Amino acid sequence: MPRTRLNQVIMVLLVGLAVVMLSESWLGLHDSGAPLFEGGPTRIVVGLLAGFGIGTVAALLGVAGGELLIPTIVLIYGIDIKLAGSLSLVVSLPTMIVGFARYSGSDAFAVLKAERPLFRWMVVGSILGAGMGGLLLGLVPPEILISGLGVILLISAVKTFKHAH
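The present account deals with the structure reproduced in this document. (Residues numbered from 1 in each chain as written. Predicted model: local features only at pLDDT ≥ 70, side-chain atom pairs only at ≥ 80, totals over all residues. Heavy atoms only, no water.)

1. Some thoughts on the overall build of the protein chain
Link 1 in the chain: Counting its regular elements, the protein chain contains 7 helices and 0 strands.
Link 2 in the chain: For the protein chain, the sequential pattern of α-helices and β-strands runs α-α-α-α-α-α-α.
Link 3 in the chain: Against the 2.2 N^0.38 benchmark of 15 Å for 165 residues, the protein chain shows a C-alpha radius of gyration of 17 Å, consistent with a compact globule.
Link 4 in the chain: When its C-alpha atoms are laid out on the principal axes, the protein chain stretches across 45 × 40 × 30 Å. (Helix = DSSP H or I, 4+ residues; strand = E, 2+ residues; numbered from the N terminus. Rg over C-alpha atoms; globule rule 2.2 N^0.38 Å.)

Structure below.
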């Protein structure tokens, strides 16, 4: 698939997820917590298909897929966004390991060597942010988190659109 087409597909996916997340938050739909599919074979198949799709997109983009995992977990399984964020980390771990193994032999890691100071500061910031987030757990209402995720998805879609052109 040409890179331009891939960027367009990703942009549409991000906008769609953003609209769903913002609608859920602003219309108060998150309160029901009902999954799209009840337990059973259908939910297993949907989970496998969603995981396959997200894994494929994550591998193509060289990312862990959290921007797609969290909304998918919230929507398909009806899980609270805070728990979905934690679950996305667990689900992302194998994806990151495969991605790391796949890209370690390529020139993709040359960027990490060139940007080592930025990488180190981002790691420190991530650790501090995770600590702060843990302290704020339970204080930030889910609708604010869901709205924030929707806005982040829209910003990502705009950046993808600009990158495609």
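2. With respect to helix α1 (residues 3-26)
Link 1 in the chain: Between its first and last C-alpha atoms α1 spans 34 Å; for 24 residues at 1.5 Å apiece the expected length is 34 Å, and the two agree.
Link 2 in the chain: Where α1 is concerned, the buried positions are Leu-6, Asn-7, Ile-10, Met-11, Leu-14, Leu-17, Ala-18, Met-21, Leu-22, Glu-24 and Ser-25. (Expected span 1.5 Å × (residues − 1). Buried < 20%, exposed > 50% of the residue type's maximum accessible area, 1.4 Å probe, protein only.)

3. Here's the deal with the environment of Ile-127
Link 1 in the chain: Positionally, Ile-127 belongs in helix α6 (residues 116-136).
Link 2 in the chain: Residues Ile-127 and Leu-69, spaced 58 residues apart in sequence, show a C-alpha to C-alpha distance of 21 Å.

4. Regarding the nonpolar core
Link 1 in the chain: Of all hydrophobic cores here, the largest spans 20 residues; its most connected members are Leu-14, Met-21, Leu-68, Ile-70, Ile-81, Leu-149 and Leu-153.
Link 2 in the chain: Here this core gets 7 residues from one element, more than from any other, and that element is α1.
Link 3 in the chain: Beyond its immediate sequence surroundings of up to four residues, Ile-70 is in contact with Ile-81, Ala-84, Gly-85, Ser-88 and Leu-149. (Core = buried A, V, L, I, M, F, W, Y, C linked by side-chain atoms within 4.5 Å. Contact = heavy atoms within 4.5 Å.)

5. Some thoughts on helix α3 (residues 66-77)
Link 1 in the chain: A rise of 1.5 Å per residue sets the reference length of α3, with its 12 residues, at 16 Å; its end C-alpha atoms lie 16 Å apart and thus fit the reference within 8%.
Link 2 in the chain: Counted residue by residue, α3 has 9 buried out of 12 residues, so it is predominantly covered.
Link 3 in the chain: Gly-78, located one to two residues past α3, shows a positive phi value of around 65°.

6. Section: the environment of Leu-22
Link 1 in the chain: With respect to the helices and strands, the residue Leu-22 is situated in helix α1.
Link 2 in the chain: Taking the C-alpha atoms as reference points, Leu-22 and Val-91, separated by 69 residues in sequence, lie 24 Å from one another.

7. Side note on the packing of α3 against helix α4 (residues 81-104)
Link 1 in the chain: As a packed pair, α3 and α4 sit with axes 9 Å apart at the nearest point and diverge in direction by 130°. Judged on the interaxial angle alone, α4 and α3 are oblique. The element α3 and its partner α4 pack so that their crossing is right-handed. Between α3 and α4, the residues in contact are Gly-66, Leu-69, Ile-70, Ile-73 and Val-74 and Ile-81, Ala-84, Gly-85, Leu-87, Ser-88, Val-91 and Ser-92, respectively.
Link 2 in the chain: When grouped by side-chain class, the residues that make up the contact of α3 with α4 number 8 nonpolar, 4 polar and no charged. (Axes fitted to C-alpha atoms, helices over the stretch in contact; angles between N-to-C directions. Parallel < 35°, antiparallel > 145°, perpendicular 65-115°, else oblique. Left-handed = near helix turned anticlockwise from the far one by under 90°. Nonpolar A, V, L, I, M, F, W, Y, C, P; charged D, E, K, R; others polar.)

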